[in-house]
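# Examining the three-dimensional arrangement
So you can see what is in the structure, the chains are spelled out below.
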Amino acid sequence: MKKKLVLSMSAIVLIVCITVGIWLLVGGRKTITPIIFDEELSFSPSLPEVIENQIPQETIDAVFGKEINLYKIVSRRINGYDEDLLEKFQMENYSVSDDPEDYITTYKTADKRLRIYNDGSFTFSLTRISVDEPLTVSFDELKVMAEEYLESKDLLPENFYQQGYTKSEVSSGGETIVPRMGPSFVRKIDGYTVYGSSFIDTDYDNQGLRSIYSIYSDYVFDRVAQTISFEDAYSLMLGRGKHVQNSYKEQLSGEVDKIILNNARLAYYDVGRKGTHILPCYILEGIAYAGEETTEFQSWVMAIPQSMTTR
């Protein structure tokens, strides 16, 4: 006589909870694509044998080995997103084409072009012909114009703020003019500046707005992680690799023979369409020496353990 196994509802719930818990512990949460710097950015110049650490201990204590939020990237291109942008930019009677290889949809009218990526990042431009004449509007005026325009179109999230600019220069007859310029906007998350694919650039000429580059990820909270120690970050800097970007601000005439590290910062890095998360990174800063010459040195290091990532 065969016996039937009958489980109570509470037992079933318990088994499901245990199964989910094991899945999370074993690898269900190991879904983080690491920061991998672009090839043109990840060129790691040779480091000298002498690297002195003069970062104040209070800075090391404040920056390294801290708990920090990790944020999962989500697309802002939800239903109706394209139509909303087309309306904001007053684009009617447009043609549309898709580029599945680059995950882009392009909308065109007689004088405008809107390219939207799958994650919702977009570029908008007016296709009029620009005249190379000096810009007559001051940068302070441009800042007001750009901020008011973006806010009126609901294209400037609250955590973005103006910093930096784009600029086009034209040289002719020994004279250099600036025919186009525009304020740039970056953002902070939890008080930390976000780098990488996270910016809104504008471009203006004497006829007004020419283009907008809105490149950033939407995100939701995922988990809290412990960042790596200064010693581990320092080792990664020396080892270089895909998760590190070492760079000198200027190329010196001689070979760099010494680097003195004097500061460190914690920031976020948005990898955009190439990744799954907005992740923390360290920025180690210092001065590089080649004899009497000096230049600024920076090393960008992913700030979470590589063991947390998928590769």
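Read on for a plain summary of the structure. Here the residue numbers are simple positions, counted from 1 along each chain's written sequence. Only residues with pLDDT of at least 70 get local features here, since the model is predicted, and only at 80 or more are side-chain atom pairs given and counted; chain-wide, interface and lining totals rely on the full set of residues. Calculated side-chain values reflect all of the structure's heavy atoms, with hydrogen atoms and water omitted.

Attention now goes to the overall build of the protein. Along the protein, the regular secondary structure elements total five helices and 16 strands. Burial here depends on accessible area, computed with a 1.4 Å probe over protein chains only, as a share of the maximum for the residue type. Under 20% is buried, over 50% is exposed, and the range in between is partly exposed. Out of the 311 residues in the protein, the part that is buried amounts to 42%. The contact criterion used is simple: two residues touch if any of their non-hydrogen atoms lie within 4.5 Å. Across the protein, contacts joining residues at least 24 apart in sequence account for 68% of those joining residues at least 6 apart. Taken as a whole, the protein presents about 17800 Å² of accessible surface, with 51% of it coming from carbon and sulfur. By definition, any uninterrupted DSSP run of H or I lasting at least four residues is a helix, any uninterrupted run of E lasting at least two residues is a strand, and each is numbered from the N terminus. Accessibility throughout is a Shrake-Rupley quantity obtained with a 1.4 Å probe, and a residue counts as covered only by protein chains that appear here.

Take the pattern of salt bridges next. Salt bridge, as applied in this entry: a Lys or Arg side-chain nitrogen positioned within 4 Å of an Asp or Glu carboxyl oxygen. One pass over the structure, following the stated rule, counts 11 salt bridges. Where Asp203 meets Arg210, a salt bridge forms, and the shortest distance between an N and an O atom there is 3.7 Å. Accessibility assignment for this pair places Asp203 and Arg210 in one class, buried. In this structure, the salt-bridge partner of Glu285 is Arg265, at a minimum N-O distance of 2.9 Å. Here Arg265 lies in strand β14 (residues 258–270) and Glu285 lies in strand β15 (residues 277–290), a separation of 20 residues in the sequence. Under the relative-accessibility criterion, Glu285 is labelled buried at 16%. Assessed through its relative accessible area of 28%, Arg265 is described here as partly exposed. By sharing partners, the salt bridges in this structure join Arg180, Asp203 and Arg210 into a single network.

Looking now at helix α4 (residues 139–152). A turn of α-helix holds 3.6 residues, and therefore any two residues three or four places apart point the same way. The terminal C-alpha atoms of α4, which comprises 14 residues, lie 20 Å apart, in line with the 20 Å expected from a rise of 1.5 Å per residue. Where α4 is concerned, the buried positions are Leu142, Ala146 and Leu150. In a view along the axis of α4, the buried residues occupy a sector of 50°, so they form one face of it. Pointing more than 90 degrees away from the buried face of α4 are the exposed residues Asp140, Glu148 and Ser152. Immediately downstream of α4, the backbone of Asp154 shows phi near 60°, a positive value. Take the number of residues in a helix, subtract one, and multiply by 1.5 Å to get its expected span. Working definition: the arc comes from the directions between the helix axis and the C-beta atoms, pointing outward to the latter.

Moving on, we come to the pairing of strand β3 (residues 95–99). Of the pairings in the sheet, the one linking β3 to strand β4 (residues 104–108) comprises five bridges and is antiparallel in character. Each bridged residue has a counterpart across the sheet, and for Ser97 the counterpart in β4 is Thr106. Hairpin connection from β3 to β4: four residues lie between these consecutive antiparallel strands, with Tyr103 at a positive phi of about 55°. Between any two strands, pairing holds if DSSP finds at least two bridges.

Glancing now at a negative patch on the surface. Residues enter a patch when their relative accessible area is above 30% and they make no salt bridge; the linking distance is 9 Å between like charges and 5 Å between nonpolar side chains (Val, Leu, Ile, Met, Phe, Trp, Tyr). Two residue types count as positive, namely Lys and Arg, and two as negative, namely Asp and Glu; His and chain ends fall outside the count. Here the site of a charge means NZ on Lys, CZ on Arg, CG on Asp, or CD on Glu. Together, Asp98, Asp99, Glu101 and Asp102 make up a region of like negative charge exposed at the surface. Structurally, the position occupied by Asp99 is in strand β3. In this structure Asp99 comes out as partly exposed when scored by relative accessible area, which is 31%.

A separate point is the side chain of Thr106. Topologically, Thr106 is positioned in strand β4. Ignoring any residue separated from it by four or fewer positions in sequence, one finds Thr106 in contact with Ser95, Val96, Ser97, Arg113, Leu114 and Arg115.

Turning next to unusual backbone geometry. Residues other than glycine seldom take positive phi values, yet Gln90 does so here, at roughly 55°. On the accessibility criterion, Gln90 (62% relative accessible area) is exposed.

Moving on: the environment of Val301. Inspection of the secondary structure assignment puts Val301 in strand β16 (residues 293–302). Given a relative accessible area of 0%, Val301 falls into the buried group. Distance from Val301 to Gln245, taken between C-alpha atoms, is 6.8 Å for residues 56 residues apart in sequence. With sequence-adjacent residues up to four places away left out, Val301 is seen in contact with Ala233, Leu236, Met237, His243, Val244, Cys281 and Tyr282.

Between rings of Phe, Tyr and Trp, where Trp is taken as its six-membered ring, a pair exists when centres lie within 6.5 Å; planes separated by under 30 degrees are stacked, by over 60 edge-to-face, and by other angles tilted. On inspection of all chains with the given rule, the structure shows 15 aromatic pairs. Both rings, one in Tyr71 and one in Tyr219, keep their centres 5.0 Å apart while their planes meet at 70°; by these two values the pair is edge-to-face. Placement of Tyr71 in strand β2 (residues 67–74) and of Tyr219 in strand β12 (residues 218–226) is noted, with a sequence separation of 148 residues between them. The class for Tyr71 is buried, based on a relative accessible area of 8%. Assessed through its relative accessible area of 25%, Tyr219 is described here as partly exposed. Site record: aromatic cluster; members linked through ring pairs are Tyr71, Tyr192, Tyr219, Phe221 and Tyr268.

Let us look at the environment of Ile78. Within the secondary structure layout, Ile78 lies in the loop between β2 and α3 (81–88). Taking the C-alpha atoms as reference points, Ile78 and Asn118, separated by 40 residues in sequence, lie 9.6 Å from one another.

Attention now moves to the environment of Gln207. Summarising the element assignment, Gln207 is placed in the loop between β10 (199–205) and β11 (208–215). It is 9.5 Å that separates the C-alpha atoms of Gln207 and Leu135, two residues lying 72 residues apart in sequence. If sequence neighbours within four positions are ignored, Gln207 has contacts with Arg128, Ile129 and Ser130.

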